[in-house]
Amino acid sequence: MALLKVKFNQKKRVKLAQGLWLMNWFSVFAGILVFSMGLFLKIELRKRSEVMDNSESHFVPNSLILMGILSCAFNGFAGKICYDSLDPAKFAKWKPLLKPYLALCCVFNMLLFFVALICFLMRGSLDSTLAQGLKNGMKFYRDTDTPGRCFMKKTIDMLQIEFKCCGNNGYKDWFEIQWISNRYLDFSSKEVKDRIKSNVDGRYLVDGVPFSCCNPSSPRPCIQYQVTNNSAHYSYDYQTEELNLWRRGCREALLSYYSGMMSSMGAVILLVWLFEMSVMVGLRLLHTSLESIANPEDPECESEGWILENSLKDTFKSALENLKKLGKFNQVEAGAEGAEGEEGGKTPAITTVS
């Protein structure tokens, strides 16, 4: 028994073809939307590529761009088929291509669904990428004279100001690295010498943070040096809520920003996927209803359309049997090749008659 069998007359077939033609062009615009989202996400990731450890995060935007292009191509082609299906003479040239095209549509929709899932599941990978990238970026903060790292200070400062964050996981991350360049240190000062000598790696570490960590909404002027020294400042306790530095780490801020963006895009892609699935189902019904016309010379006669020629159970069984036959056929071929090899390897016995 066929799955989702529907009876069609000429009027219904024409309405279905016209409706599918319109839906395919809507799908083309949806493909442009997917492409635009991928391009936007790629630009956003490129802006902060210096604080990302690898290029894995670009898998999602690259996939969206590819899916958008494929969607425009597939749906534009399907729109042409639906338009030509109104004329039996024009539709005849598309008949041999419809089955392969529908198979490609199935693969495309599976990939589109996979990309939608990836948008929701990329948080873990993005987290590790940002954690390592920000850690490296903070190490190079002081290298304003080093080629290739000259703009790292500006990048980190603008990042902390824009996202209202400080450090990788928090402001205390700055205490563990030397973020002040040696060119701004007075090496004749006893304090500087003592701090450098007290560190195994010879780094100048302070309990201070860059100015970009300061919260401008705080009523108190920013305390960015001697942050943990309560006695160095009047009426000050760094462990209270009055600390006028951003408490949230930049990894958390960026992760929240990009995850929210990707989740929204994933939801949009799921809607596009549902729309694409409905278009594919409609195209299958149109294809089968046109193929099952009993008398091609009488276009007004009734016909039947279906999704699958047999039920799901029978279709699954048929697919398994075909796979088994294919496996047996390969085994027979391999056996035949082995037998030929053995016969070819035998040396015929030669009898010498004296």
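Residues numbered from 1 in each chain as written. Predicted model: local features only at pLDDT ≥ 70, side-chain atom pairs only at ≥ 80, totals over all residues. Heavy atoms only, no water.

An unreviewed UniProt entry annotates the protein as Peripherin-2 originating from Cettia cetti. Taken from UniProt, the Subcellular location (unreviewed entry) comment for the protein reads in full: "Membrane". Per UniProt, the protein carries the Sequence similarities (unreviewed entry) text "Belongs to the PRPH2/ROM1 family." (UniProt positions renumbered as here; feature names shortened; annotations may be inferred.)

### A short note on the state of the cysteines
This structure, assessed with the given rule, holds three disulfides. With a sulfur-sulfur separation of 2.1 Å, Cys166 is cross-linked through a disulfide to Cys213. Between Cys166 and Cys213, the disulfide has an S-S torsion of 85 degrees and is therefore right-handed. Residue Cys166 is located in the loop between helix 6 (152–163) and helix 7 (190–197), and its partner Cys213 is located in the loop between helix 7 and helix 8 (250–291); the two are separated by 47 residues in the primary sequence. Cys213 carries the same exposure label as Cys166, and that label is buried. Paired by a disulfide, Cys214 and Cys222 hold their sulfur atoms 1.8 Å apart. Given an S-S torsion of about -70 degrees, the disulfide between Cys214 and Cys222 has left-handed geometry. For Cys222, a relative accessible area of 32% corresponds to the partly exposed category. If the cysteines joined by disulfides in the protein are listed in sequence order, their pairing comes out as 1-6, 2-3, 4-5. (Disulfide = S-S within 2.5 Å. Helix = DSSP H or I, 4+ residues; strand = E, 2+ residues; numbered from the N terminus. Buried < 20%, exposed > 50% of the residue type's maximum accessible area, 1.4 Å probe, protein only.)

### Remarks on the packing of helix 1 (residues 10–47) against helix 8
Closest axis-to-axis distance for the helix 1/helix 8 pair is 9 Å, and the angle between their directions is 155 degrees. As the angle between them shows, helix 1 and helix 8 are arranged roughly antiparallel. Crossing of helix 1 against helix 8: the hand is left-handed. For the contact of helix 1 with helix 8, the per-class residue count stands at 26 nonpolar, five polar and three charged. (Axes fitted to C-alpha atoms, helices over the stretch in contact; angles between N-to-C directions. Parallel < 35°, antiparallel > 145°, perpendicular 65-115°, else oblique. Left-handed = near helix turned anticlockwise from the far one by under 90°. Nonpolar A, V, L, I, M, F, W, Y, C, P; charged D, E, K, R; others polar.)

### Observations regarding the nonpolar core
Of all hydrophobic cores here, the largest spans 80 residues; its most connected members are Leu41, Tyr171 and Trp174. For this core, the secondary-structure elements that each account for two or more residues are helix 1, helix 2 (59–84), helix 4 (95–121), helix 5 (123–139), helix 6, helix 7 and helix 8. Here the element with the most residues in this core is helix 8; it accounts for 16 residues. Non-local contacts of Trp174, meaning those with residues more than four positions away in its chain, are made with Met138, Tyr141, Ile156, Gln160, Cys166, Gly167, Trp179, Val206, Gly208, Val209, Pro210 and Cys213. (Core = buried A, V, L, I, M, F, W, Y, C linked by side-chain atoms within 4.5 Å. Contact = heavy atoms within 4.5 Å.)

### Notes on unusual backbone geometry
The backbone of Lys164 sits at a positive phi, close to 55 degrees, despite the residue not being glycine. Locating Lys164 in the fold gives a position in the loop between helix 6 and helix 7. Phi is positive for Ser235, which is not a glycine, with a value near 50 degrees. Tracing the backbone through its elements, the reader meets Ser235 in the loop between helix 7 and helix 8. Overall, Ser235 belongs to the exposed group, its relative accessible area being 53%.

### Re the UniProt feature "transmembrane region" (unreviewed entry) in the protein
Here the UniProt feature "transmembrane region" (unreviewed entry) sits at residues 20–41, 101–122 and 255–275. Overall, residues 101–122 shows 95% helix and 0% strand. The separation of its end C-alpha atoms is 31 Å.

### With respect to the packing of aromatic side chains
A complete count under the given rule lists 11 aromatic pairs for this structure. Members of the aromatic cluster, connected to one another through ring pairs, are Phe74, Phe77, Tyr101 and Phe108. (Phe/Tyr/Trp six-rings, centres within 6.5 Å; stacked < 30°, edge-to-face > 60°.)

### With respect to the packing of helix 1 against helix 2
The axes of two packed helices give the description: the angle between them and the distance between them. In the contact formed by helix 1 and helix 2, the axes pass within 7 Å of each other and the chain directions differ by 165 degrees. When the axes of helix 1 and helix 2 are compared, the pair comes out roughly antiparallel. As for the relative orientation of helix 1 and helix 2, their crossing is left-handed in sense. For the contact of helix 1 with helix 2, the class distribution of residues is 21 nonpolar, 10 polar and one charged.

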